[in-house]
Amino acid sequence: MNIRLLPIFFILFSGILLNSMTLFAQSGSLKGVVTDQNGRSINQATILLNKTKFNTQTDSTGHFEISGIPDGNYELVSFALGTKVFRVDIKISGVTSFGFNLTEISKDLNPVEVQAEREETFGLTRMKSVENFGIYEGKKTEVIVLKDLTSNLATNNPRQVYAKVTGLNIWESDGAGLQLGIGGRGLSPNRTANFNVRQNGYDISADALGYPESYYTPPTEALERIEIVRGAASLQYGTQFGGMLNFKFQKGARDKKLELNTRQTVGSWGFFNSFNAIGGTIAKGKLNYYAYVQYKRGDGYRQNSGFQYFNAYSCLDYQVNNRLSVQLEITKMQYEARQAGGLTDKNFEDNPRQSVRSRNWFLVDWNMLSLSTNYQIGQNTKLNIRNFGLLASRKALGNLERINVVDFGGERSMIDGQFSNVGNETKLLHNYKLFKNQRHTFLIGTRIYKGTTSARQGNASAASDADFRFLNPNNLENSDYSFPNINFAAFAENIFNVSDQFSITPGVRFEYINTASDGYYNIRTFDAAGNLVVQQKVTENLSKARKFFIAGLGLSYKPDLPVEFYANISQNYRAINFSDLRIVNPNFTVDPNIQDEKGFTTDIGTKGKKNGRVIYELTAFYIYYKGKIGQILRADRPPLFIDYRFRGNIADARNLGVEMFGELEVLNWRTQPVHPDKAWKLSVFTNLALVDAQYINTQDPSVKNKKVEMVPPVMLRSGTSLRKGRFAGSLQFSFASQHFSDATNAKRTSTAVEGIIPSYTVLDLSARYSYKKFAIEASLNNLLNQSYFTRRAEAYPGPGIIPADGRGYYMTLIFRQ
C-alpha cells in the first residue's frame with residue numbers, strides 16, 4: 001500500500017460513513033439509575049431498546065440517559081458483567097424516568113445455566129467503548145474470558161489461551177508457562193516486549209522504557225480476563241507498535257465472606273502445580289479481598305532442564321463511600337530454571353530432546369506493589385490515580401558460546417540484571433453533551449515514570465550447579481553499568497458522537513524520555529588457543545533526551561447494535577536504551593549507533609454478531625517503520641570471520657495483512673426442545689491471519705526486498721467446543737507457516753542462530769467435568785507428538801534452536817467452596 005494514499009483512504013472511508021448516517025429528530029428520552037440487589041450503583045451497565053439502535057451505558061453513579069427516542073412501546077434490555085439479563089416492556093412518552101436492579105448470576109446454577117446467562121450478556125469478547133478509565137471506540141480490541149475456556153490453565157498454554165486472538169505469533173520456550181512470548185502482526189514475540197504489558201492496568205515489565213521484556217506472566221488460573229488493544233493503544237498506554245496487553249485478576253466473591261478455590265495438577269515430565277486462592281467480601285460489604293499462592297515444579301521435556309516456581313498475590317479493594325474506593329495489590333514471583341540450551345539443525349533432526357549444555361541456569365525474582373484510587377467527582381466526572389513500583393532481578397548463568405562449539409568446562413558467564421522503577425498514572429474521565437444533545441466522552445491523563453536498570457556481566461564458577469555469584473564482583477571481566485531513565489507523558493482523547501451511529505475519536509500524546517548510561521565495558525582479545533592477549537577498559541557516561549508528540553484518529557460506525565465498522569490510524573515510537581549495548585555475546589553484536597524507531601499503525605475492519613449464533617471480525621492493517629530495528633547475518637569480525645548476528649536499524653519496513661475471525665454456534669439448547677442439562681451445545685471457530693512483512697527503502701543487497709524476520713506469512717488456528725450438562729471439551733488446531741529468523745533470510749547456518757523456522761501443525765485436546773463443588777480437568781497437548789520449534793535464540797535460553805515440548809498429559813482436580 002502506498003503511504004501517500006493513506007490520507008485519501010481515510011477521507012473516503014469517512015465520507016462513506018457520513019453519507020450513511022441518519023440524523024433524526026428527538027421525540028422523547030429515557031433516563032434512570034441502575035443498581036444491584038443491595039442498592040449499590042452499577043457502572044458500565046448496558047441499556048438498550050431491543051431491535052432498535054438506541055443504547056447506552058451507565059456512568060460510575062449508575063445513571064443513564066437515551067435521547068431522541070420516538071414515542072412508543074419498547075422492550076428494554078439491560079445487563080452488566082456478571083449479572084442476569086433484565087428485560088421489561090416500557091412505554092416512552094416525552095421524558096420517561098425508570099430505575100431498576102440487576103441480579104448477580106447465581107453461584108448455585110449448574111454449568112449450562114451459568115453459561116447461558118453469560119452468553120446473554122453479549123459483548124464479553126470485546127472492550128466497551130469506554131471502560132475502566134480507557135477509551136476504545138474505533139479501536140481493535142479482543143478480550144479472553146478465562147472462565148469460558150476449556151484448556152490447560154495450569155501451564156498457561158498459549159496456543160489454547162490465545163487461540164481466538166488474531167495475528168499472534170507465539171514462541172514456545174518452555175512448556176510450563178513461566179514466560180509468555182507473543183507478538184502481533186509481524187512483531188517479535190521475544191518476552192512480549194512489543195506490547196505494553198500490564199496487570200490490572202499497571203506496568204509489570206522489567207523497565208517500560210529501557211528493558212520492556214516481561215519475565216513475569218500472571219497465572220491464567222487467577223485471571224478473570226485478558227484484554228488486548230492493538231497499535232492504536234499508543235495514545236493512552238505508551239508509544240509502542242504492538243499495543244496493550246492487560247491481565248485482569250479475579251475478585252473475591254461478592255456474596256460470601258470466604259470462598260476457597262484449590263486446583264492441584266499433575267502432568268508429564270514430573271510436572272506438579274498447586275494453586276490455592278481465597279476471596280470474599282467483609283466489613284459490611286465495603287472490603288473485597290482476593291489472594292492466592294501458587295507453587296509448581298517440573299523436570300522438563302529435555303535433558304538438563306527443570307524448574308521450581310513460586311507466586312503469591314493479594315488484593316484489598318475498599319469502598320470508602322459512594323464516591324471513593326482504594327485498591328492495594330502486592331505480587332511476589334520467583335523461579336529457578338535449569339536450561340537445556342539450544343541445538344543445531346542436525347542435533348534437532350537427530351533428537352529434539354537432547355541437550356549439549358548442562359551448566360546453564362536462570363533465576364528470576366519479581367516484586368510489585370500498586371495503590372490505586374477511584375474518585376467520583378460528579379455524576380459525569382471521575383478520577384483515577386494509580387501508583388506502582390517494581391523491584392526485580394534476573395540472572396542468567398552458563399556457557400554463551402556458539403552451540404556448535406563443545407562445552408569443555410571452564411568458567412561460565414553470568415549476566416545480572418537488577419530493575420527498580422516507580423510510576424504514577426492519573427486519568428480524568430468526563431462525559432458531557434453537545435451537538436443536538438449527543439453524549440460525548442473526554443479522557444485526559446498523565447504519566448510520570450522513573451526506572452533504573454543495572455546490568456553486570458562477568459565470570460562465574462566453572463561448576464555445573466546454580467551458583468549465581470561473580471568470581472570478581474568488584475572488577476567484572478565484561479561490563480558493569482547503571483541505566484537510569486525518566487519519562488513524562490500526557491495524553492487526551494475524545495469520543496465525539498456525531499450521531500447515535502457514527503463517532504469520531506481523535507487523540508494526542510506528548511512524550512518526554514531521557515535515557516542514560518554510566519559504567520564501563522572491557523574490550524578483550526583472545527588468541528587462537530583461547531588465551532587473553534589484550535584487555536582494554538572503556539568508561540562511558542552517556543545521556544539522550546527527546547520530546548515529541550504523536551497523534552491518532554479513530555472512526556466508528558454502528559448501523560445496528562451488534563454490527564460495527566471501524567478504522568483508526570495512530571503514530572508509534574519505540575525508544576531504544578543503552579541497556580543491551582554492552583552485553584558480550586559471541587553470537588551477536590549491537591550497533592552502538594542504534595536509533596529509535598518511528599512509524600504508524602492503521603486498521604480498518606468490521607465486527608458483529610448475527611442471530612446470537614455467529615460472531616465475526618474482519619480487519620486489514622498496515623504498520624510502517626522508519627529505521628526498523630532488526631538482525632542480519634554478518635561475518636566481518638577478524639581474525640576468524642565467523643558468522644554472527646548484527647542488531648541495528650536495518651532499513652525501513654512495512655507489515656500489511658488481513659485478520660479474520662469467525663465463530664458459529666452449531667447447536668444451542670435454546671434451539672432444542674429439551675432441558676439444558678440434556679442438550680448438546682457445539683461451536684466451531686476459525687482464526688486466520690495473512691501477513692506480508694518486507695524491508696523497503698534500502699540499497700543494502702543483504703536485506704533489500706527481504707522478508708522481515710519472525711513473521712509467519714500464514715497463521716491459522718481453528719477449533720471446536722462441545723458442552724453437555726456438566727461436561728465440556730475442546731479440540732484446537734494451530735498452524736504457522738515457514739518464516740525466517742534474521743533479516744537476510746538465511747536458510748541454515750552452522751551456529752543455528754540464523755535459519756528457517758519450518759512450518760508446524762499442533763493439536764490440543766482438553767476436557768472438564770463438574771460435580772457439585774468438585775471438578776476435574778484433563779489436557780493432552782501436542783496430541784500428535786509433533787517435533788517442531790518456534791524460535792532460534794541468540795542468547796538465553798539458547799543459543800540455537802529451542803525445541804517445543806512433545807506430547808504432554810495433564811490432569812487437574814478442583815475444589816471450590
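Residues numbered from 1 in each chain as written. Predicted model: local features only at pLDDT ≥ 70, side-chain atom pairs only at ≥ 80, totals over all residues. Heavy atoms only, no water.

**As for the overall build of the protein**
- Broken down by element type, the protein carries five helices and 44 strands.
- Of the accessible surface of the protein, which amounts to about 32400 Å², a share of 57% is contributed by carbon and sulfur atoms. (Helix = DSSP H or I, 4+ residues; strand = E, 2+ residues; numbered from the N terminus. Areas by Shrake-Rupley, 256 points an atom, 1.4 Å probe, with all protein chains shown as cover.)

**Focus: the confidence of the model for the protein**
- Predicted confidence across the protein gives a mean pLDDT of 87, with 88% of residues reaching 70 or more.
- With pLDDT under 50 throughout, residues 1-26 is counted as low confidence; its partners more than four residues away or in other chains account for 44 contacts.
- Here residues 669-674 is modelled with pLDDT under 50, and outside its nearest four sequence neighbours on either side it reaches 13 contacts, counting other chains as well. (pLDDT = per-residue confidence, 0-100. Contact = heavy atoms within 4.5 Å.)

**A short note on the environment of Gly184**
- Tracing the backbone shows Gly184 in strand E13 (residues 181-184).
- Spatially, the C-alpha atom of Gly184 lies 4.5 Å from that of Leu168, the residues being 16 residues apart in sequence.
- Those residues in contact with Gly184, other than ones at most four positions away along the chain, are Gly167, Leu168 and Phe195.

**Observations regarding the pairing of strand E14 (residues 196-199)**
- The two faces of E14 match: Asn196 and Arg198 on one face and Val197 and Gln199 on the other face are all buried.
- Pairing of E14 with strand E17 (residues 244-249) involves four bridges; the strand directions are parallel. Note on E17: the bridge partner recorded for Val197 is Leu245.
- Bridge analysis of E14 against strand E15 (residues 202-203) gives two bridges, and the strand direction is antiparallel. (Buried < 20%, exposed > 50% of the residue type's maximum accessible area, 1.4 Å probe, protein only. Pairing = 2+ DSSP bridges.)

**Remarks on the environment of Trp680**
- As for its position among the elements, Trp680 is in the loop between strand E34 (644-667) and strand E35 (681-696).
- Taking the C-alpha atoms as reference points, Trp680 and Arg723, separated by 43 residues in sequence, lie 5.9 Å from one another.

**Some thoughts on the pattern of salt bridges**
- Tallied over the full model, the rule gives 43 salt bridges.
- The shortest N-O distance in the salt bridge between Glu425 and Arg198 comes to 2.8 Å. You can see Glu425 sitting in strand E25 (residues 412-434) and its partner Arg198 sitting in strand E14, a full 227 residues away along the chain. Assigned by exposure class, Glu425 and Arg198 land together as buried.
- Here the salt bridges share partners, and the residues they tie into one network are Lys140, Glu142, Arg185, Arg230, Asp603 and Glu659. (Salt bridge = Lys/Arg side-chain N within 4 Å of Asp/Glu carboxyl O.)

**Here's the deal with the sheet that holds strand E5 (residues 72-79)**
- Strand order in this open sheet of four strands is E3-E2-E5-E6, and the pairing throughout is antiparallel. The open sheet has two edge strands with one neighbour each: strand E3 (55-57) and strand E6 (86-92). Taking each pair of neighbouring strands and ignoring which way they run, the sheet shows an average axis angle of 20°.
- Relative to E3, strand E2 (residues 46-49) is paired through three bridges, and the arrangement is antiparallel. Bridged to Leu48 within E3 is Asn55. (Axes fitted to C-alpha atoms, helices over the stretch in contact; angles between N-to-C directions.)

**Observations regarding the sheet that holds strand E16 (residues 223-229)**
- What the five strands build is an open sheet, ordered E11-E16-E17-E14-E15; its pairing is mixed. Either end of the sheet is taken by a strand with one partner, and the two such strands are strand E11 (141-145) and E15.
- Looking at chain direction, E16 and E17 are connected through six bridges and run antiparallel. Each bridged residue has a counterpart across the sheet, and for Val229 the counterpart in E17 is Met244.

**Things to note about the nonpolar core**
- Counting residues in each nonpolar core, the largest one holds 64 residues, and the members touching the most others are Tyr162, Ile226, Leu245, Phe247, Tyr292 and Trp366.
- Each residue touching Tyr292, except ones within four places of it in the same chain, is listed here: Tyr216, Pro219, Ala222, Phe249, Phe275, Asn276, Ala277, Asn311, Ala312 and Tyr313.
- Phe241, Ala653, Ala689 and Val703 belong to the second-largest nonpolar core, a separate cluster that totals 19 residues. (Core = buried A, V, L, I, M, F, W, Y, C linked by side-chain atoms within 4.5 Å.)

**A look at unusual backbone geometry**
- In the segment running from Tyr796 into Pro797, the intervening peptide bond is cis, with an omega of 5°.
- Here Pro797 is to be found in the loop between strand E42 (789-793) and strand E43 (800-803).
- Cis geometry marks the peptide bond from Gly798 to Pro799; its omega dihedral reads 5°.
- Structurally, Pro799 can be placed in the loop between E42 and E43.
- Located in the positive-phi region is Thr192, a residue other than glycine, with phi close to 60°.
- Checked against the element boundaries, Thr192 lands in the loop between E13 and E14.
- Thr192 sits in the buried class, given a relative accessible area of 2%.
- You will see that Met710, though not glycine, has its phi angle at about 65°, which is positive.
- With respect to the element layout, Met710 can be found in the loop between E35 and strand E36 (714-724).
- For Met710, a relative accessible area of 10% translates into the label buried.

**Structural notes on the packing of aromatic side chains**
- Taken as a whole, this structure holds 29 aromatic pairs when the rule is applied.
- With a centroid separation of 4.0 Å and an interplanar angle of 25°, the aromatic rings of Phe548 and Tyr573 are classed as stacked. Placement of Phe548 in strand E29 (residues 532-560) and of Tyr573 in strand E30 (residues 563-574) is noted, with a sequence separation of 25 residues between them. Each of the two residues, Phe548 as well as Tyr573, counts as buried. (Phe/Tyr/Trp six-rings, centres within 6.5 Å; stacked < 30°, edge-to-face > 60°.)

**Regarding a nonpolar patch on the surface**
- Together, Val266, Phe272, Val293, Tyr295, Phe310, Phe727, Tyr769, Tyr771, Phe774, Ile776, Met811 and Leu813 make up a nonpolar patch on the protein surface, roughly 1100 Å² of accessible area in all.
- Contributing elements (two or more residues each) for the nonpolar patch: strand E20 (287-298), strand E40 (760-771), strand E41 (774-781) and strand E44 (808-816).
- In this structure, Phe272 sits in strand E19 (residues 271-282). (Patch = residues over 30% accessible without salt bridge, like charges linked within 9 Å, V, L, I, M, F, W, Y side chains within 5 Å.)

**Observations concerning the side chain of Ser29**
- Take Ser29: it is sitting in strand E1 (residues 29-35).
- Exposure remark for Ser29: the relative accessible area of 9% places this residue in the buried category.
- Among all residues touching Ser29, those that are not within four sequence positions of it are Ile66, Ser67, Ile69, Ile92, Gly94, Val95 and Thr96.

**A closer look at the side chain of Glu777**
- Checked against the element boundaries, Glu777 lands in strand E41.
- For Glu777, a relative accessible area of 10% translates into the label buried.
- A distance of 2.5 Å separates the side chain of Glu777 from the side chain of Arg768, its partner in a polar contact.
- In contact with Glu777, not counting residues within four places along its chain, are Ser151, Arg263, Ala767, Arg768, Tyr810, Met811, Thr812 and Ile814. (Polar contact = N/O pair within 3.5 Å; in protein donor to acceptor, adjacent residues only side chain to side chain.)

**What to know about the environment of Pro218**
- Its place among the elements puts Pro218 in the loop between E15 and E16.
- According to the relative accessible area criterion, Pro218 is buried, its value standing at 1%.
- In this structure, the C-alpha to C-alpha distance between Pro218 and Asn311, residues 93 residues apart in sequence, is 8.7 Å.
- Beyond its immediate sequence surroundings of up to four residues, Pro218 is in contact with Asn156, Gln199, Ile204, Leu223, Phe247 and Phe249.

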